[in-house]
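# What the coordinates show
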Amino acid sequence: MVNIKRRTVLGGGLATTLGMLMPHAVAKPAPRLSNFTAVAHADGKGKMPALASEYEYQVMLPWGDPLQPGGPAFTYPPNADHQPQQIGIGHDGMAFFPLGEHRGLLAINHEYGRNSHVLGFNTPRTHADVLTSQAAHGLSVVEIAERDGVWSNQKSDYARRIHVNSAVEFSGPVANHRLLKNPANNPYLGTISNCANGTTPWGTYLTCEENFNLYFGSAGSFTATPNQKRYGFTTYGGGYGWHLFDPRFDLSDKDYVNEGNRFGWVMEIDLMNPKAKPIKRTALGRFKHEGATAVEADDGRLLVYMGDDSRFEFIYRYVSDRPWRTMVQEGISPLDEGQLYVARFNDHGLGEWLLLDISNKTLSNEFIDQADVLLNARVAATLLGATPMDRPEWITKGLAGYMYCSLTNNDDREQPNAANQQAPNPHGHIIRFRDHLAGQHFLWETFLR
């Protein structure tokens with residue numbers, strides 16, 4: 001089992017790292033990938049960002065900039081009319097989709113923005129305050145182009161904001177399920193806490209909803225169910241106060257009892273069709289998604305790897321039922337028909353993917369149907385004995401068929417396990433695993449700690 005410490009990689013350089021990535025290759029000096037002047041260790045007091053002299057940077061698309069030329073310019077504080085036409089706050093995951101040479105669409109997630117940042121005070125005073133705060137969240141799709149070394153946003157039919165009050169759809173096993181419906185019969189709206197992201201082989205964007213529970217609160221009497229507690233719903237929430245003026249986010253309002261179930265999904269967006277509603281793909285499960293990394297298995301099926309970014313949560317894998325190209329040609333989304341698994345990291349470098357399916361008696365004794373399993377994926381994963389991890393975040397594909405997952409930290413860990421060997425774990429670590437055949441088992445090892 002490979003265990004590389006951070007100082008080894010930093011001290012040994014690229015050649016050491018590449019040698020570990022390709023253990024069966026003949027050792028030889030690694031070529032220099034680029035030549036640039038090293039920068040001094042940052043102390044936080046110098047000019048930011050600290051770049052080598054050969055590089056330059058450009059600030060573009062900050063919060064409040066008009067979505068495209070001609071839109072409302074930034075003023076502080078923003079208002080409920082202007083913010084939906086402006087770039088959101090809290091930029092996180094993003095992806096570039098080329099439209100030709102020196103031009104393309106940039107999709108930008110907006111993970112969070114405290115009321116103190118957006119409004120200038122902590123607690124909303126009016127419904128308009130809530131609408132402004134809500135419009136600052138979600139994501140932006142912007143067309144940008146480069147001329148003479150300078151990038152700028154362009155007037156575009158593709159540009160749009162998708163926020164808490166945008167129309168969305170649901171697909172997959174949970175679509176139209178009673179656990180998504182409210183007595184108020186309100187339409188499906190919105191996306192929040194959009195953290196990391198992904199892209200599909202057919203050219204669409206995946207945005208991932210993470211800490212959605214923070215935007216809910218209670219104006220009246222509320223007692224969380226065990227499953228709601230598992231997802232972090234509380235009376236106060238994250239202090240946004242949306243529930244004071246928007247009943248969708250009031251946990252004590254019986255007319256909106258299932259509104260919280262509408263968040264915590266991976267949502268697919270067709271950037272090239274701005275009139276199409278974003279679609280929440282429920283077959284990928286509901287939890288606090290950090291990202292969704294889509295890769296093709298050897299047999300052509302689609303694999304999507306996802307981390308649940310909370311302490312003692314899990315790593316998931318989705319596998320489409322058939323090769324994704326065939327499904328797309330037939331007009332079937334590879335993200336709708338497939339199976340969801342959760343990882344168990346056993347000792348000695350062997351891992352197992354546990355199927356989250358109602359056919360398992362352990363799950364059928366707890367849940368009413370497959371939609372209930374997917375909606376409460378965290379609970380189902382715990383029942384099956386998945387390995388609690390130290391905040392699994394980004395997952396990416398590397399050389400030789402390896403998938404890499406960064407574990408951020410876990411100061412609360414008291415007992416280590418095979419895949420999380422430090423207790424507590426204040427600085428996190430990276431694991432990697434081979435899973436190119438989409439089988440039930442995988443090989444794993446700690447790559448960096």
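Residues numbered from 1 in each chain as written. Predicted model: local features only at pLDDT ≥ 70, side-chain atom pairs only at ≥ 80, totals over all residues. Heavy atoms only, no water.

### Here's the deal with the sheet that holds strand β21 (residues 441–448)
The criterion, for reference: The pairing criterion for strands is at least two bridges between them, as found by DSSP. Think of it this way: any DSSP run of H or I at least four residues long counts as a helix, any run of E at least two long counts as a strand, and we number them from the N terminus. To get an axis, fit a line to the C-alpha atoms, keeping to the stretch in contact for a helix; angles then go from 0 to 180 degrees between the N-to-C directions. It only takes one pair of heavy atoms within 4.5 Å for two residues to be counted as in contact.
Ordered by their spatial adjacency, nine strands build an open sheet running β11-β12-β14-β15-β16-β21-β20-β19-β18, and the pairing between neighbours is antiparallel. Of all the strands in the sheet, just β11 (293–296) and β18 (392–397) have a single pairing partner and so form its edges. Geometrically, the sheet is characterised by an average inter-axis angle of 30 degrees between neighbouring strands, direction not taken into account. On top of the sheet, helix α9 (residues 377–384) reaches β14 (315–323), β15 (338–345) and β16 (350–355); it is set at about 100 degrees to β14, its chief contact.

### Considerations on the environment of Pro-124
Convention followed: Residue exposure (1.4 Å probe, protein chains only): buried if accessible area is under 20% of the type maximum, exposed if over 50%, otherwise partly exposed.
For Pro-124, the location among the structural elements is in the loop between α3 (115–118) and α4 (127–135). The class of Pro-124 is buried, set by a relative accessible area of 6%. The sequence separation of Pro-124 and Ser-193 amounts to 69 residues, and the corresponding C-alpha distance is 18 Å.

### Remarks on the pattern of salt bridges
Put simply, the rule reads: Here, a salt bridge means any Lys or Arg side-chain nitrogen found within 4 Å of an Asp or Glu carboxyl oxygen.
For the structure on display, the rule yields 19 salt bridges. Here Lys-280 and Glu-209 are joined by a salt bridge, their closest N and O atoms 2.8 Å apart. One end of the pair, Lys-280, is in strand β10 (residues 279–281); the other, Glu-209, is in strand β8 (residues 205–209), and 71 residues separate them in sequence. Given the relative accessible area of 0%, Lys-280 is considered buried.

### Topic: the packing of aromatic side chains
Filter applied, for reference: Aromatic pairs are defined between Phe, Tyr and Trp rings, using the six-membered ring for Trp, whenever the two ring centres lie within 6.5 Å; interplanar angles under 30 degrees are classed as stacked, those over 60 as edge-to-face, and all others as tilted.
With the rule as written, the count across this model stands at 28 aromatic pairs. Plain terms: the ring middles of Phe-170 and Trp-265 are 6.4 Å apart, the flat faces sit at 90 degrees to each other, and that makes the pair edge-to-face. Highlighted residues: Phe-170 in strand β6 (residues 169–171) and Trp-265 in the loop between α5 (226–230) and β9 (266–269), separated in sequence by 95 residues. Among the residues examined, Phe-170 registers a relative accessible area of 11% and is labelled buried. Of the residues examined, Trp-265 reaches a relative accessible area of 0% and is grouped as buried. Ring geometry for Phe-287 versus Tyr-316: centroids 4.0 Å apart, planes at 10 degrees, classification stacked. One end of the pair, Phe-287, is in the loop between β10 and β11; the other, Tyr-316, is in strand β14, with 29 residues separating them in the sequence. On the accessibility criterion, Phe-287 (0% relative accessible area) is buried.

### Details of the pairing of β21
Every other side chain in a regular strand lies on the same face of the sheet, so the side chains alternate between the two faces. Burial runs high along β21: six of the eight residues are buried. Here strand β20 (residues 429–434) runs beside β21; their pairing, made up of five bridges, is antiparallel. Bridge pairing links Ile-430 to Leu-448 in β21.

### Looking at unusual backbone geometry
The omega torsion across Tyr-76 and Pro-77 is -5 degrees, close enough to zero to call that bond cis. Tracing the backbone through its elements, the reader meets Pro-77 in the loop between α2 (14–21) and β1 (91–100). Omega for the peptide link from Ala-423 to Pro-424 comes to -5 degrees, which places this bond in the cis form. Within the secondary structure layout, Pro-424 lies in the loop between β19 (402–407) and β20. You will see that Leu-61, though not glycine, has its phi angle at about 55 degrees, which is positive. Inspection of the secondary structure assignment puts Leu-61 in the loop between α2 and β1.

### Focus on the sheet that holds β10
Taken in spatial order, the five strands make up an open sheet running β6-β10-β9-β8-β7, and their pairing is mixed. Among the strands making up the open sheet, the edge pair consists of β6 and β7 (194–199). With direction set aside, neighbouring strand axes in the sheet form an average angle of 30 degrees. Sheet topology note: the β9/β10 ladder contains two bridges and is antiparallel. Residue pairing in the sheet places Glu-268 in a bridge with Ile-279 of β10.

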